[in-house]
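Survey of secondary and tertiary structure
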Amino acid sequence: LAKKGHPVDLIEKHPAVKSQLGAAIGLTGGLAVMRSLGLAREIDPYLTPMRSFKGSSLVGGGAAEPEGKLTTSFGEAMIPEKAQFELPPILLDRRSSESRNYLRNYEMFHDEGGGAAASDSQRRRTVHGISRTALSDDESGPSSEAFMAMITREHLHALLHRTLPLNVSLWLNCNVVHVETISDGGTSASVTLSDGTRLTGDLVVGADGIHSIVRRTVASDDADGRTLTTSQRRYTGISGVYGLVVKHTFELMMKCSLKKDEKAEALLESLPVGGLHEFEGKGAIATVFNLKRHYMFVFFEAREDPPTSDENWTNPAVQEEISSKIKTQGMPSLFEHLLRAAPDGGRVVHLGLYESEPMRTSWSRGRAVLLGDSAHATTPFLGQGANQAMLDAWSLAFHLPPANASDYICADDDDLHHHIQKALHRYETARSTHATNIKSVSRMFGHIRLGITSWDRCVRRCFMQTLLTCGRGCLFRQMLKWASQLNV
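Residues numbered from 1 in each chain as written. Predicted model: local features only at pLDDT ≥ 70, side-chain atom pairs only at ≥ 80, totals over all residues. Heavy atoms only, no water.

Focus: unusual backbone geometry
Keep in mind that most residues, glycine aside, have a negative phi and that most peptide bonds are trans. As a reminder of what qualifies: What counts as a helix is a DSSP run of H or I of at least four residues, what counts as a strand is a run of E of at least two, and both are numbered from the N terminus.
In this model, N173 sits at a positive phi of 60 degrees, which is unusual for a non-glycine residue. Tracing the backbone through its elements, the reader meets N173 in the loop between β9 (168-171) and β10 (176-183).

Observations concerning the sheet that holds strand β2 (residues 24-27)
In plain terms, the rule: Only when DSSP finds a minimum of two bridges between them are two strands counted as paired. The contact criterion used throughout is that any non-hydrogen atoms of two residues lie within 4.5 Å. Lines are fitted to the C-alpha atoms to define the axes, a helix being fitted only along its stretch in contact, and any angle between axes, read from their N-to-C directions, falls within 0 to 180 degrees.
Strand order in this open sheet of three strands is β2-β8-β3, and the pairing throughout is antiparallel. Every interior strand has two partners, whereas the edge strands, β2 and β3 (48-49), have only one. With two bridges connecting them, β3 and strand β8 (residues 149-152) associate as antiparallel partners. Pairing of P49 across the sheet is with A149, part of β8. Against the sheet, helix α6 (residues 153-162) touches β2 and β8, its axis set at about 80 degrees to β8.

Some remarks on helix α1 (residues 29-36)
Note the threshold: Think of it in three bands: with a 1.4 Å probe and only protein chains considered, a residue is buried below 20% of the maximum accessible area for its type, exposed above 50%, and partly exposed in between.
With respect to burial, α1 is a largely interior element, eight of its eight residues being buried. Looking only at α1, the buried set comprises G29, G30, L31, A32, V33, M34, R35 and S36. Residue G38 follows α1 closely and has a positive phi angle near 85 degrees.

A closer look at the sheet that holds strand β13 (residues 204-206)
Taken in spatial order, the three strands of this open sheet run β13-β20-β19, and their pairing is mixed. The sheet is open, and its two edges are formed by β13 and β19 (364-365), each paired on a single side. Pairing between β19 and strand β20 (residues 368-370): two bridges, direction antiparallel. Looking at the pairing, R365 lines up with A368 of β20.

Section: the pairing of strand β15 (residues 275-280)
Judged by how many residues are buried, β15 sits mostly within the fold: six of six residues are covered. What you see with β15 is no split at all: G275, H277 and F279 on one side and L276, E278 and E280 on the other are buried throughout. Bridging between β15 and strand β16 (residues 284-291) involves five bridges; their strand directions are antiparallel. Bridge assignment links F279 to a residue of β16, and that residue is A286. Between β15 and β16, which follow one another and run antiparallel, lie three residues, and G283 among them has a positive phi close to 70 degrees.

In structure tokens, the structure reads:
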């Protein structure tokens, strides 16, 4: 939105942009967005392209078996380091005649009722015809070269903070307590902060996660203010521990240990940079990914009741409980060592996995619209939560008119309101179906991978073996490609 000339107020509830926040995420479609914003040089040094995925199933999944003994290594999928993703441009060069023609013909290219509407092929040719003047200093146009790459949340947040455009105002330590979807006679929307400050704008974008206060407003009944959904989220029956480990810290801890663990050290040495190794037990998964820049990403997921607020990783009792579960599952001792080596300060999180309830209303109401987890929070089993949010943002910016649109297409505020409403409808149409499908497939994928019964584990093994070995991982790559569709 800032690149289209709009001034933006970004409201953040945390008092500071944390230097250590969470663990790591995999970027697919989100990487295409970052590159298309002209941030390729900034983000590339922090990316670790995913080059292989190896899966192993443990004997019986119980403590009676020797620790770390494997029955099946059900294949290894090799991931191509480069694959092209293209996004439509979102920024118009206001001085070019092409952009002025585009704005004058705004309705023709987005008409939903027939008549003078252009065909899909016409729209693609016209939109991509201005891509040379469209996006950033990169004249090659928007694209992504990495098929899938991992990055720490710390580096991603720091990069986004460091590259904020000058027309973005960052409000830290601010809590939104009230949202008005229509104010000032229908020409704007507003939010009220906990200290009484009221901010007004042409549009309120709710990118405030699964506990979204904007969603409560968008999904409410205008007549009596009741919320249509009693709960915005539901527990999936799975919780996880996610950690980011500094390799040097782990190596030092292992050297100082009185009892050497040669199996753990050998397993770690066998994992190349960009390699992911997943171990599956009885209703549990343990995974380790070798990042560059001296980091390891490790997580352990299992079926259990949701952890309470005091059951976080800083609680020694929680650490002992997780260690016990890792041993009970017969997981390699490497995971226990890695989690214990992860420092405090946000590098290890213990949380329940939730997904949002389906929206019974539109993603927008008046001048307020939802984006990312506030609209369609999903489980992490496809690694698409952050990616879908970033694609939502791109799509919303693409469909909304640029800041100077009123110079060409809007005679008054009512006309501008009409265009904004149509843009919000096009945004939801473009994004909602794929985002909903991602939620469903991710949920199914999680249930398959975390099977408890013998039958569940048999299905899981056959499924994963087919996924990873068919055509040397071709099926696995196709699944990633489907999940990464750039439907904007």
